[in-house]
Amino acid sequence: MEEGTVKSPSHCEVTEDYGIRQWDSRAGCEVRQILDRVADKWSLLVIALLEHRVLRFSELSRAIGGISQRMLTVTLRHLERDGIVKRTVHPVVPPRVDYELTPMGVTLHKTIQALVDWTEAHQDAIGAARADYDVRLGSDVLTDR
């Protein structure tokens with residue numbers, strides 16, 4: 001089991017008036033763990049690729065540049081465990097395994113797409129803010145280039 005995880009989910013109490021870090025500070029709350037899982041770069045790419053169709057492991061591996069076989073396996077297992085991805089093993093030789101989004105995964109993709117849309121709409125403003133920040137610091141050390 002992954003460090004910092006528990007076997008059964010602990011649900012956070014939903015309140016109308018909560019502080020920005022309430023989900024992070026309540027004992028036993030898994031919200032941060034779930035956010036960490038679904039918002040990591042490999043999970044985001046897998047979810048985006050599975051939006052349109054069912055894919056095999058090798059197709060996912062080819063489509064995601066830079067991911068190791070082990071990392072893709074771990075990512076898919078976590079997403080399957082969380083109910084985001086469905087894994088189907090077909091009884092053929094050689095074995096064929098397909099991956100697809102579950103209905104819950106589809107709703108997550110819609111949420112992720114909203115974040116991508118926001119990023120695309122604001123990328124120029126963010127670039128300008130970064131450039132301004134770098135000029136004010138007098139250093140190009142902080143750039144992502």
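Above this text is the structure in question.
Cut-offs used in this document
- Residues numbered from 1 in each chain as written.
- Predicted model: local features only at pLDDT ≥ 70, side-chain atom pairs only at ≥ 80, totals over all residues.
- Heavy atoms only, no water.
- Helix = DSSP H or I, 4+ residues; strand = E, 2+ residues; numbered from the N terminus.
- Buried < 20%, exposed > 50% of the residue type's maximum accessible area, 1.4 Å probe, protein only.
- Contact = heavy atoms within 4.5 Å.
- Areas by Shrake-Rupley, 256 points an atom, 1.4 Å probe, with all protein chains shown as cover.
- Expected span 1.5 Å × (residues − 1).
- Arc of directions from axis to C-beta.
- Axes fitted to C-alpha atoms, helices over the stretch in contact; angles between N-to-C directions.
- Parallel < 35°, antiparallel > 145°, perpendicular 65-115°, else oblique.
- Nonpolar A, V, L, I, M, F, W, Y, C, P; charged D, E, K, R; others polar.
- Polar contact = N/O pair within 3.5 Å; in protein donor to acceptor, adjacent residues only side chain to side chain.
- Pairing = 2+ DSSP bridges.

### Observations regarding the overall build of the chain
Link 1 in the chain: Along the backbone of the chain there are six helices and three strands.
Link 2 in the chain: The helix and strand sequence of the chain, counted from the amino end, reads α-α-α-β-α-α-β-β-α.
Link 3 in the chain: For the chain, buried positions account for 22% of its 145 residues.
Link 4 in the chain: Here the contacts in the chain between residues at least 6 apart in sequence split such that 40% fall between residues at least 24 apart.
Link 5 in the chain: For the chain, the accessible surface area stands at approximately 10,700 Å², while carbon and sulfur atoms represent 55% of it.

### Some details on helix α5 (residues 69–81)
Link 1 in the chain: In a regular helix each residue adds 1.5 Å, so 13 residues correspond to 18 Å; α5 covers 18 Å between its end C-alpha atoms and thus fits that length.
Link 2 in the chain: Among all positions in α5, only L72, T75, L76 and L79 are buried. Each buried residue of α5 sits inside an arc of 95 degrees when the element is viewed along its axis, so together they form one side. Those residues of α5 that are exposed and angled more than 90 degrees off the buried face are R70 and R77.
Link 3 in the chain: On its buried face, α5 is in contact with α3 (41–49), α4 (57–63), β2 (85–90) and β3 (96–101).
Link 4 in the chain: Positive phi shows up at G83, right after α5, with a value of about 80 degrees.

### Focus: the packing of α3 against α5
Link 1 in the chain: The geometry of α3 relative to α5 is characterised by a closest axis approach of 10 Å and an angle of 70 degrees between their N-to-C directions. Our classification of the angle between α3 and α5 gives roughly perpendicular. Side by side, α3 and α5 meet where W42, S43, V46 and I47 of the first sit next to M71, L72, T75, L76 and L79 of the second.
Link 2 in the chain: Tallied by class, residues from the contact of α3 with α5 come to seven nonpolar, two polar and no charged.

### Brief notes about the side chain of D98
Link 1 in the chain: Take D98: it is sitting in strand β3.
Link 2 in the chain: Separated by 2.6 Å, the side chains of D98 and H90 make a polar contact.
Link 3 in the chain: Ignoring sequence-local partners within four residues, the contact set of D98 consists of V54, L55, R56, K86, R87, T88 and H90.

### Some details on unusual backbone geometry
Link 1 in the chain: Omega for the bond connecting V93 with P94 falls within 30 degrees of zero, at -5 degrees, which places this linkage in the cis form.
Link 2 in the chain: Note that P94 resides in the loop between β2 and β3.

### Regarding the pairing of β2
Link 1 in the chain: As defined by bridge partners, β2 adjoins β3 across six bridges and the pair is classed as antiparallel. The residue of β3 that forms the bridge with R87 is Y99.
Link 2 in the chain: Where β2 folds back onto β3 in an antiparallel hairpin, the turn is made up of five residues.

### Here's the deal with the environment of Q113
Link 1 in the chain: Inspection of the secondary structure puts Q113 in helix α6 (residues 103–137).
Link 2 in the chain: The spacing of Q113 and A48 is 65 residues in sequence and 8.3 Å in space, taken between C-alpha atoms.

The values reported here are purely geometric and, on their own, carry no functional implication.
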